Amino acid sequence: MAKPVSIEVWNPNGKYRVVSTKPMPGTRWINLLIQQDCRVEICTQKKTILSVEEIIALIGDKCDGVIGQLTEDWGETLFSALSRAGGKAFSNMAVGYNNVDVNAATKYGVAVGNTPGVLTETTAELAASLSLSAARRIVEADEFMRAGLYDGWLPHLFVGNLLKGQTVGVIGAGRIGSAYARMMVEGFKMNLIYFDLYQSTRLEKFVTAYGQFLKANGEPPVTWKRASTMDEVLREADVISLHPILDKTTYHLVNKERLAKMKKEAILVNCSRGPVVDEVALVQHLKENPMFRVGLDVFEDEPFMKPGLADMKNAIVVPHIASASKWTREGMATLAALNVLGKIKGYPIWGDPNRVEPFMNEKSPPPAACPSIVNSKALGLPVSKL
Ligand SMILES: NC(=O)C1=CN([C@@H]2O[C@H](COP(=O)(O)OP(=O)(O)OC[C@H]3O[C@@H](n4cnc5c(N)ncnc54)[C@H](O)[C@@H]3O)[C@@H](O)[C@H]2O)C=CC1
Ligand SMILES: O=C(O)C(=O)CO
């Protein structure tokens, strides 16, 4: 049995008990729960990743809903514990939910929430930052400067890649992948090639219109192409950014064979999930191809890196911070709390999880709906008419 975990309690006399496995940014999410008669318990344990046993201790005998984190293993054991405690709602404070066994949750009648929409631009901006940092070798140059090695301008010093006119490749052109593509096309006048299971008509129209605008202004137009295979993107693109969900179809999507298909001086960015890339194969590829560069926000065995990665000068590594802007993190906390609250109150499901702005307006109460429940159909939950 795990030791009792330390908690902070808000509104102790609230009717519904909602547990958050971590303190989350902002206070709006707490206030929204309190206003609707929730007792909010926040785990303040000084431990980054809680074990299943620790979460079971937090759930206790009576718990109406839990807000959890992407680092936690939400499977059969936790959903059965939550169900025994009378809980019917769980939300990840994340858009990705590969840490959640949704079928197990459905079996126990627990709704699973996620937080789409508020992290699209923030995450795309980090992918763009990593693309630029890799292209222009910013981290290496910063280290060189701080080490006192700079003794004057040189024609060959930290020469990198020009993005303008090159091709950006996007694998997984959903919300974040499309936002990233638009940034790179519009910001740096790159041509686009993308691969997704579905056509992204909005993205294609955007690039077409921007190309026409450039042409009308006497500049070469940008172009787009929807690739019929992922390998086509790998062969043709100069910068490739990965934005699919993680599931069994995308596990090790980028492996040794696929790395070999990429250009020798290509840049690979991963802000999706670590296991989308075979990190051992990547380290080997970085060693053999010093002009190939990567920007990684996520890792196969987080929080660890595979041996050798940290020594590679042609790799930029940051600790899963792609969604880390204040507005986004507060928005994620709000959406996660509203998913749990909405299910407790019996609210219907918001019709379009990509259009979550009404939940973000601090000046008016949020709609009486759950912003995004991924197993709503399986649970037969009604859709909001708002
Ligand atoms: N590093 C970070 O902090 C963050 C990471 N993420 C990750 O990004 C992922 C994507 O987020 P969104 O864009 O909001 O989701 P989304 O659902 O809008 O986009 C995912 C896209 O991947 C495509 N896809 C699925 N399987 C594929 C396959 N086998 N090959 C190619 N494309 C495939 C889908 O068709 C979809 O268009 C999340 O699931 C999460 O894992 C999201 C936010 C922050
Ligand atoms: O939302 C997600 O899926 C993340 O990875 C963290 O923002």
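Residues numbered from 1 in each chain as written. Chains lettered and ligands numbered in written order. Predicted model: local features only at pLDDT ≥ 70, side-chain atom pairs only at ≥ 80, totals over all residues. Heavy atoms only, no water.

## What about the UniProt feature "domain: D-isomer specific 2-hydroxyacid dehydrogenase NAD-binding" (unreviewed entry) in the protein chain?
To be explicit about the condition: UniProt positions are given in the numbering used here, feature names are shortened, and annotations may be inferred rather than shown by experiment. Starting at the N terminus, helices and strands are each numbered in turn, a helix being any DSSP run of H or I of at least four residues and a strand any DSSP run of E of at least two.
Those places that UniProt annotates as "domain: D-isomer specific 2-hydroxyacid dehydrogenase NAD-binding" (unreviewed entry) correspond, in this numbering, to residues 130-322. Structurally, residues 130-322 comprises 35% helix and 15% strand, and the distance from its first C-alpha atom to its last is 10 Å.

## Things to note about the side chain of Asn339
Defined as follows: Residues are treated as being in contact if the distance between any of their heavy atoms lies within 4.5 Å.
Relative to the helices and strands, Asn339 is located in helix H12 (residues 326-345). Each residue touching Asn339, except ones within four places of it in the same chain, is listed here: Ser91, Gly113, Asn114, Cys370, Pro371, Ser372 and Ile373.

## Section: the pattern of salt bridges
Which entries qualify depends on this criterion: We count a salt bridge whenever a side-chain nitrogen from Lys or Arg sits within 4 Å of a carboxyl oxygen from Asp or Glu.
According to the stated counting rule, one finds 17 salt bridges in the structure shown. The closest approach of N and O atoms between Asp142 and Arg146, which form a salt bridge, is 2.5 Å. Residue Asp142 and its partner Arg146 are located together in helix H6 (residues 138-146), separated by 4 residues, close to a single helical turn. One salt-bridge network, in which partners are shared between bridges, spans Arg17, Arg39 and Glu41.

## Some points on the site of ligand 1
Convention followed: When at least one non-hydrogen atom of a residue lies within 4 Å of a molecule or strand, that residue is treated as near it. The definition of a polar contact used here is a pair of N or O atoms within 3.5 Å, where within protein one atom must be able to donate a hydrogen and the other to accept one, and adjacent residues in sequence count solely through side-chain atom pairs. Computed with a 1.4 Å probe, the accessible areas rest on the Shrake-Rupley method; for each residue, only the protein chains presented here act as cover.
Taken together, 25 residues lie around ligand 1, and Arg175, Ile176, Asp196, Cys271 and Asp297 are the ones closest in. In this structure, Thr249 approaches ligand 1 through a side-chain N or O atom, which is 3.2 Å from a nitrogen atom. One of the side-chain nitrogen or oxygen atoms of Asp297 is found 2.7 Å away from a nitrogen atom of ligand 1. Here ligand 1, which alone exposes 870 Å², has 89% of that area covered by the protein.

## Description of the side chain of Asn92
The following threshold applies: Buried means the residue's accessible area, taken with a 1.4 Å probe over protein chains only, is under 20% of the maximum for its type, while exposed means over 50%, and partly exposed covers the values in between.
Mapped onto the fold, Asn92 is located in strand S5 (residues 89-92). Taking the relative accessible area as the measure of exposure, Asn92 reaches 0% and is therefore buried. Within the structure, Asn92 has its side chain in polar contact with the backbone oxygen of Gly96 (distance 3.0 Å). A polar side-chain atom of Asn92 sits 2.8 Å from a polar atom in the side chain of Asn99. Not counting residues up to four positions away in its chain, the partners in contact with Asn92 are Gly68, Gln69, Leu70, Tyr97, Asn99, Val100, Gly113, Asn114, Thr115 and Ala336.

## Observations concerning the site of ligand 2
In plain terms, the rule: Classification convention: Asp, Glu, Lys, Arg as charged; Ala, Val, Leu, Ile, Met, Phe, Trp, Tyr, Cys, Pro as nonpolar; all other residues, Gly among them, as polar.
With respect to spatial proximity, the complete set of residues near ligand 2 consists of Leu70, Ala94, Val95, Gly96, Leu119, Arg273, His320, Ser323 and Met332. Within the backbone of Gly96, one N or O atom sits 2.9 Å away from an oxygen atom of ligand 2. Calculation on ligand 2 without its partners gives an accessible area of 230 Å², and the protein chains cover 89% of this total. Classifying every residue of the shell around ligand 2 by side-chain character gives 5 nonpolar, 3 polar and 1 charged.

## Focus on the packing of aromatic side chains
Stated formally: Any Phe, Tyr or Trp ring, taking Trp's six-membered ring, that has another such ring centre within 6.5 Å forms a pair; planes under 30 degrees apart are called stacked, those over 60 apart edge-to-face, and the others tilted.
In total, this model carries 7 aromatic pairs according to the counting rule given. Centre to centre, the rings of Trp74 and Phe90 are 4.2 Å apart; their planes meet at 35 degrees, and the pair counts as tilted. Taken together, the residues span a long stretch of sequence, with Trp74 in the loop between strand S4 (65-68) and helix H3 (76-84) and Phe90 in strand S5 at a distance of 16 residues. We classify Trp74 as buried; its relative accessible area is 0%. Using a relative accessible area of 1% as the deciding quantity, one classes Phe90 as buried. Each ring, one from Phe206 and one from Tyr210, has its centre 6.4 Å from the other, and the planes form 20 degrees; the classification is stacked. Of the two residues, Phe206 and Tyr210 are both situated in helix H8 (residues 201-216); the distance of 4 residues between them amounts to about one turn of the helix. Among the aromatic residues, ring-to-ring pairing joins Trp74, Phe79 and Phe90 into one connected group.

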